[in-house]
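Working through the structure, step by step
Residues per chain, in single letters:
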Amino acid sequence: MKIVRMILQGGSESVHMTIHKMKETTFKEATLAEWEQVAIKSLKGKTLESLSTKTLEDIILKPLYSLADLAEIPVNQTETIRQATTNANWLVSQVSTGNSSEEVLAEIKESLEKGNDVIHYTLQNRHAWDASQLEELQSLLKIHPVYLDITADHAFLHNFTDLKGCVKGASTNAVSNSRTFFLDGTSIHKAGGDAVSELASVLVQADSSSSEMGIDQVEEKGFVQFSVDSNFFMEMAKIRAFRVLWQAFGEAYGKTEISAIPVHAETSLRSFSALDPNVNILRAANSALAAVLGGADSVTTHPHDLLTGVNQTSKRIARNMQLVLKEETHIGRVLDAAGGSYYLETLTKELVEKAWTLFLELMKEDTLEVREAKLQERAAIKWEQQLEALSTRKKSLIGTNNYANPEDELDAQIISTDYKRLAEPFELLRKAFKANPLNAAIIPYGVLKEYKPRMDFVSGYLVSLGISPVVAPENLKPFDLQKWIDEHHINYVVFVGNDEQTAGLVPALLNEKLSVPMDVAGKFDEYEDWLDAGLSGRIFAGQSLLDKGKELLALAQGGNSHDNA
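So, here's what we can say about the structure. What you are looking at is a predicted structure, and each value in this text was computed from that prediction instead of being measured.

1. Some words on the nonpolar core
In this structure, L183, L199, V224, F242, W246 and L351 are the most contacted members of the largest nonpolar core, which totals 59 residues. If you tally residues by element for this core, the top one is helix α9 (residues 232-252), at 11 residues. Contact partners of V224, with chain neighbours within four places excluded, come to L183, V202, F242, I261, P262, V263 and H264.

Okay, here's the thing in structure tokens:
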């Protein structure tokens, strides 16, 4: 026992000394220049600028932000944002739907019981509300705020005397206690626009209405809605930037202390896909978190299976995303959690500057119609940029253009929405190849460890188009390869090998005149010569998936459009 006690005492002294040394330890503060030198060494010849990326908004994102970046931030930026979001909590505002007014009313009551804070409902012409249902709804409206869209029937509002919240489709002063002037930040987003376009669009609308009925009316009755996509930090900064822009807009109209207006956010459908739809849960949750941290006053989270038909389970999952964020993470207790972040403050500032510059440029146009047309033109350009990035895999949409599941079926009718969706061209190709199957094969040559990276790339590439290739036995001689092609009814092949194998064997195979078109995996200097010798095309990183998909679809349909890639 005495020995054990001595050992324990010695160990205690050792631990004590270690902790003491830790407390006394200091670290030299690293400078930005030192960080840059370390980064350059790790880049293996690449420049430091290669770490910077350009966003859809033409904002250059640096690899590192520091305290020095805050020197460029307006001194009142964070204060303006926090004054506009005095309450860190937000309202859960899930949409209630149904095939009849009876079903809608039942869902409204159930959703309120299970965590909804808002009666969120879009009036449908097919919903015929009887007196008893209206009376029951009226009793709920006395307790809960609303987010109503009565565009389909303005007279619906006449049924209620006590209403608080936000109402789309109503005349400005239709309800004394509600906000009825809608600033639409979603339309440009739905058309493919970037965050700068969305913010400028809201300012253009606000200016038009302020000129017509006065800034005081817009301030008193206005509310704004944004669609929040899965570009986490940009979407967070977008909502924060609106708070700053709204203050600047008020000052331009002579109101230095303009009141904040409510911001409603809905998770965007731009990145939603009917392929591997469970991934939409992650996209919606990411968007909801960005909206909350950005300072939205109310949030709607769309169910992950909205494109193919929602059910009670998916509605519950969508609602619970917000409830988990609210009850488990406690972010509703932190006001402007993004405030002070070097990166987010800088991103917010750059969005403010670019949106305000675009707004001033648009205001040079004579009419609201021309300004909105300019915004639509810009949105169309931004949309094409996004499709190009997705098609060349510079941008990933998991389950669609990357890591696609060949077993995914699109049997159900995809429900049409007013969003332009990035996955839609791929969904159309997948459907087309299901109706017109292309029996494709990868023909590998060389040693497995050398050709496998290219083989995996080609396989994933084709699967994302809706083509599930089979792999031929490796290193087949031309006669055996043709026999294998015939036996398996193959009508398109892709040669896969390392650089040396490809350069040596592709000409030999072309001389054999295989009965099916052959592409090669990779980019080679001899490509043009191989085309003259009968090569059909190629598959390589950075190639347009959609262009190649259309080319292969023409082959599957038996056309003559399998032109040289």
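2. Focus on the packing of helix α3 (residues 77-84) against helix α12 (residues 342-362)
In contact at an axis separation of 11 Å, α3 and α12 are set at 85 degrees when each is read in the N-to-C sense. Judged by the inter-axis angle, α3 sits roughly perpendicular to α12. Taking contact as the criterion, the partners of Q77, T78 and I81 in α3 are, on α12, E345, T348 and K349. Of the residues in the contact of α3 with α12, the class split is one nonpolar, three polar and two charged.

3. Some words on the sheet that holds strand β7 (residues 178-179)
An order of β4-β5-β6-β7 is seen for the four strands of this open sheet, with the pairing classed as parallel. Because the sheet does not close on itself, it has two edges, and the strands there are β4 (119-122) and β7. Inspection of the sheet shows strand β5 (residues 146-149) paired to strand β6 (residues 165-168) by four bridges, in the parallel sense. Residue pairing for β6: Y147 is matched across the bridge by C166.

4. With respect to the pattern of salt bridges
Where charged atoms from two side chains of opposite charge approach closely, those side chains can pair. Under the definition given, this model contains 24 salt bridges. Here E136 makes a salt bridge to K109, at a shortest N to O gap of 2.6 Å. Residue E136 is located in helix α5 (residues 131-141), and its partner K109 is located in helix α4 (residues 101-113); the two are separated by 27 residues in the primary sequence. Residue class for E136 comes out partly exposed when judged on its relative accessible area of 30%. One salt bridge connects R378 with D194, and the closest N-O pair in it is separated by 2.8 Å. Here the residue R378 occupies a position in helix α13 (residues 368-391), and D194 occupies one in the loop between α6 (187-190) and α7 (195-213), the gap between them amounting to 184 residues.

Procedures and definitions
- Residues numbered from 1 in each chain as written.
- Predicted model: local features only at pLDDT ≥ 70, side-chain atom pairs only at ≥ 80, totals over all residues.
- Heavy atoms only, no water.
- Core = buried A, V, L, I, M, F, W, Y, C linked by side-chain atoms within 4.5 Å.
- Buried < 20%, exposed > 50% of the residue type's maximum accessible area, 1.4 Å probe, protein only.
- Helix = DSSP H or I, 4+ residues; strand = E, 2+ residues; numbered from the N terminus.
- Contact = heavy atoms within 4.5 Å.
- Axes fitted to C-alpha atoms, helices over the stretch in contact; angles between N-to-C directions.
- Parallel < 35°, antiparallel > 145°, perpendicular 65-115°, else oblique.
- Nonpolar A, V, L, I, M, F, W, Y, C, P; charged D, E, K, R; others polar.
- Pairing = 2+ DSSP bridges.
- Salt bridge = Lys/Arg side-chain N within 4 Å of Asp/Glu carboxyl O.

No statement about biological role is implied by the geometric values presented.
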